[in-house]
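Chain and residue survey
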Amino acid sequence: MEQQTIKHVLTARILVLGDAGVGKSRLTDLLAKSEDTPTPATRRVGDCWWNVQVRLHEHPRYVWLPPTPEWTSSSSTSSPTGIEQFPRRGGVDLVPHFVEFYDLKSTLRMPREHRNRLYRHIDGIILVYDLLRMSTHDNLHDWLYQPLRQICRHRHNRMRPILKRRHVPILVVGTKLDLLTTRCLRGSGKIASQLGADEILVNCLDSKSFEHKSRNAGKLRKFLSNAIEFKLNFPTTGKRC
Ligand SMILES: Nc1nc2c(ncn2[C@@H]2O[C@H](COP(=O)(O)OP(=O)(O)OP(=O)(O)O)[C@@H](O)[C@H]2O)c(=O)[nH]1
Ligand SMILES: [Mg+2]
């Protein structure tokens, strides 16, 4: 296991976007809650424009171990030389990372330049809509446009949209599942299938919505790991690390 000090722990930044009142803040409370950050005071990080909450995420990283020769008898049929090929061996290291969730305070009108400065450092995006108001789902395309432009320009050095290629990881969350009485889900018309992203439907008021080993927790873990991979593969140049 690699020796790490707190100074070496990388931070992935996740943007939480959606219309006012869809449940971004309640959802962020659930996402940032962990064994290490059980109370709001332990996970809040100050920022005047954003509600920022932080948690730890253990990212599995595959490590190769040095190859070791395995000698077999000369009559062995598995290798014509009597020596097995040097088999590659490996194991999985769990590397801790900080994850910061940036939840927009929609009552504040933030200068565009200020927003863009954050967007270029974003490693994952969570799009939030209210299952009872499908107009909030349709507005997600608009929410995504500016952050994607900044990420394309500063992480991929491209002006054109990169949704066909490896884009920044995106997770779509529909909230207020507890209040939903009829099915209003539209399958292929949904933004998640257009983006090839995972989607989670939740009740943000239920503290068990992301319970350990649940399906939602699995999707969240996969998304956070993808965000860390994105950070490592497409680093930004700038002051933040
Ligand atoms: N029943 C139910 N209520 C919810 C759910 N998610 C959020 N709410 C309620 O919806 C209201 C708005 O939730 P917030 O989390 O403040 O919404 P927001 O997107 O952060 O809103 P702004 O910060 O104004 O943009 C609050 O009264 C929440 O308690 C949910 O899944 N189920
Ligand atoms: Mg809020």
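The name given to the protein in an unreviewed UniProt entry is Rab-like protein 3, with Drosophila albomicans as the source organism.

The next thing to look at is the packing of aromatic side chains. The final tally for this structure, using the stated rule, is two aromatic pairs. Considering the side-chain rings of Trp50 and Tyr102, the 6.1 Å spacing of their centres and the 80° angle between planes classify their relative orientation as edge-to-face. Taken as a pair, Trp50 in strand 3 (residues 50–65) and Tyr102 in strand 4 (residues 89–104) lie far apart in primary sequence, 52 residues in all. For the pair Trp50 and Tyr102, a shared accessibility class is recorded, and that class is buried. Their ring planes at 40° and their centres at 5.0 Å tell us that Phe230 and Phe234 sit as a pair that is tilted. Here Phe230 matches Phe234 in class, with each residue buried.

Right, let's talk about a nonpolar patch on the surface for a bit. A contiguous nonpolar patch, built from Tyr62, Val92 and Leu94 and spanning about 300 Å² of accessible area, is present on the exposed surface. Tracing the chain through its elements places Tyr62 in strand 3. With relative accessibility at 49%, the residue Tyr62 sits in the partly exposed group.

Structurally, the position occupied by Arg43 is in helix 2 (residues 40–43). Buried charge without a partner: Arg43 forms no salt bridge, and the closest opposite charge is Asp29, 4.1 Å away. The residues contacting Arg43, other than those within four sequence positions of it, are Asp29, Ala32, Lys33, Thr37, Pro38, Val52, Gln53 and Val54.

What follows deals with unusual backbone geometry. Backbone geometry at Lys176 places phi at a positive 65°, although glycine is not the residue there. Along the chain, the position of Lys176 falls in the loop between strand 6 (170–175) and helix 6 (191–195). The class of Lys176 is partly exposed, set by a relative accessible area of 25%. If you check the backbone angles, Lys213 has positive phi at about 75° while not being a glycine. Topologically, Lys213 is positioned in the loop between strand 7 (198–201) and helix 7 (215–233).

In the vicinity of ligand 1 lie 16 residues, with Lys24, Ser25, Ser106, Asp178 and Cys204 positioned nearest. Here Gly21 contributes a backbone N or O atom positioned 3.0 Å from an oxygen atom of ligand 1. Asp178 is positioned with one of its side-chain polar atoms (N or O) 2.8 Å from a nitrogen atom of ligand 1. For the shell around ligand 1, a count of residues per class yields six nonpolar, five polar and five charged.

What counts as what
Residues numbered from 1 in each chain as written. Chains lettered and ligands numbered in written order. Predicted model: local features only at pLDDT ≥ 70, side-chain atom pairs only at ≥ 80, totals over all residues. Heavy atoms only, no water. Phe/Tyr/Trp six-rings, centres within 6.5 Å; stacked < 30°, edge-to-face > 60°. Helix = DSSP H or I, 4+ residues; strand = E, 2+ residues; numbered from the N terminus. Buried < 20%, exposed > 50% of the residue type's maximum accessible area, 1.4 Å probe, protein only. Patch = residues over 30% accessible without salt bridge, like charges linked within 9 Å, V, L, I, M, F, W, Y side chains within 5 Å. Areas by Shrake-Rupley, 256 points an atom, 1.4 Å probe, with all protein chains shown as cover. Salt bridge = Lys/Arg side-chain N within 4 Å of Asp/Glu carboxyl O. Lys, Arg positive; Asp, Glu negative; His and termini not counted. Contact = heavy atoms within 4.5 Å. Near = heavy atom within 4 Å. Polar contact = N/O pair within 3.5 Å; in protein donor to acceptor, adjacent residues only side chain to side chain. Nonpolar A, V, L, I, M, F, W, Y, C, P; charged D, E, K, R; others polar.

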